[in-house]
Amino acid sequence: MARLAQTAGLTDVQQEILSTVRDFVDKEIIPVATGLEHRDEYPQQIVDGLKELGLFGLMIPEEYGGLGESLLTYALCVEEIARGWMSVSGIINTHFIVAYMLKQHGTQEQKEHFLPRMAAGDIRGAFSMSEPGLGSDVSAITSKAVKDGDEYVLNGQKMWLTNGGTSSLVAVLVRSDEGHPEGTAPHKSMTTFLVEKEPGFGEVRPGLTIPGKIDKMGYKGVDTTELIMDGLRIPADRVLGGVTGRGFYQMMDGVEVGRVNVAARGCGVAQRAFELGVQYAQQRHTFGKPIAQHQAIQFKLAEMATKVEAAHAMMVNAARKKDSGERNDLEAGMAKYLASEYCKEVVEDAFRIHGGYGFSKEYEIERLYREAPMLLIGEGTAEIQKMIIGRRLLEEYRFQG
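What counts, and where the lines are drawn
Residues numbered from 1 in each chain as written. Predicted model: local features only at pLDDT ≥ 70, side-chain atom pairs only at ≥ 80, totals over all residues. Heavy atoms only, no water. UniProt positions renumbered as here; feature names shortened; annotations may be inferred. Axes fitted to C-alpha atoms, helices over the stretch in contact; angles between N-to-C directions. Helix = DSSP H or I, 4+ residues; strand = E, 2+ residues; numbered from the N terminus. Parallel < 35°, antiparallel > 145°, perpendicular 65-115°, else oblique. Contact = heavy atoms within 4.5 Å. Buried < 20%, exposed > 50% of the residue type's maximum accessible area, 1.4 Å probe, protein only. Phe/Tyr/Trp six-rings, centres within 6.5 Å; stacked < 30°, edge-to-face > 60°. Lys NZ or Arg CZ within 6 Å of the ring centre and 35° of its normal.

If you look the protein up in an unreviewed UniProt entry, it shows as Acyl-CoA dehydrogenase family protein from Streptomyces sp. 900105245. According to the UniProt record, the Cofactor (unreviewed entry) comment for the protein reads "FAD". As its UniProt record puts it under Sequence similarities (unreviewed entry), the protein is described as follows: "Belongs to the acyl-CoA dehydrogenase family."

Right, let's talk about the packing of helix H3 (residues 71–84) against helix H7 (residues 295–323) for a bit. Their axes nearest at 8 Å, the elements H3 and H7 cross at an angle of 150°. Here H3 is positioned roughly antiparallel relative to H7, judged by the angle of their axes. Contacts between H3 and H7 involve Leu71, Leu72, Ala75, Leu76 and Glu79 from the first element and His312, Met315, Val316, Ala319, Arg320, Lys322 and Asp323 from the second.

To continue, consider the environment of Ala33. Note that Ala33 resides in helix H1 (residues 12–39). On the accessibility criterion, Ala33 (0% relative accessible area) is buried. Residues Ala33 and Met86, spaced 53 residues apart in sequence, show a C-alpha to C-alpha distance of 9.4 Å. Apart from residues lying up to four places away in sequence, Ala33 is in contact with Gly84, Trp85 and Arg367.

What follows concerns the packing of aromatic side chains. According to the stated counting rule, one finds 6 aromatic pairs in the structure shown. Considering the side-chain rings of Tyr152 and Phe193, the 5.2 Å spacing of their centres and the 65° angle between planes classify their relative orientation as edge-to-face. With Tyr152 in strand E3 (residues 151–162) and Phe193 in strand E5 (residues 190–196), the pair connects residues that are 41 residues apart, well separated along the chain. A relative accessible area of 5% places Tyr152 in the buried class. Among the aromatic residues, those joined into a cluster by ring pairs are Tyr280, Tyr357 and Tyr363. One residue, Arg124, lies across the ring of Phe56, its end atom 4.7 Å from the ring centre.

Right under this line is the structure:
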């Protein structure tokens, strides 16, 4: 697309990075994505290519071997990658949430130990909040850590880990009542632990099991798993930040980055759906002319393109707000909500433009149609975003009666 979703005010370095990523997507991802997705095959060759490009260190500071780029640069790269195949953007997203949490909240020893290897892509990150009975209520976490000398013993079951099998470092949020008297608010008695493990499935370290991949409707290729802790012993120096009781705030800070990421993914998938729709509309003929010349299709394309532009603008605004150091939960919530909803609508319109062929697995739009719904759920449902947005608006527009 020559004109849609352009971003003003980028530096020469940002433009060069995006151009490199765009070329990689066009040459190395789009041609193979649908075949890999249909086989539910992990895109190892693509991941190796991203590693060579240095993308696993994109937001990690230069002092730790990364590129030291902004959240905006990262989000725009995610947008390009999701345009090629959304699953690949998921592989790097959870990695960056963990890297960001380490950068913002880790002890100096934790930063020096993990960040250089994360920047090189030698350590891949995953993070874990959800549990089987949890849903959107993070305060209802039941997984627990109990202090035992210089270690903590973790027990419980976690759910929906992206990169659960392929990762070697998982940031896990659990309850830790030690040091927090009975009656303490749930969000003040949670701790994030940095759990190192071997990649793979089964028992990946004593007391820690990754049962296997969850079979999903879409978002294939990337491994989504459970995580079972049964007497998992973790040294006290692997408490993120070195102090218990701060895990909820650390995770929410990371999730704000994740929501910008999901918004960027929605933008990327919507862009690809528009590309496929506008291309097909010029190739497919009915009643003696391309369907693109029918007013009904032109109206549909106009609506799709406007939604792509609007979602992109909100995503860029949310990323820039976070980069400025300001609170961005309002902007991130709005961007995630709008981009995921618009993505679903743009994909469906492209699917309709394809007619019966959109239902065929030979056409790329079929894959996008199964992938878009995940964005409605990931990093908080639309209802959660509306709650965040509503509360923040009431803070900003408090009535002085």
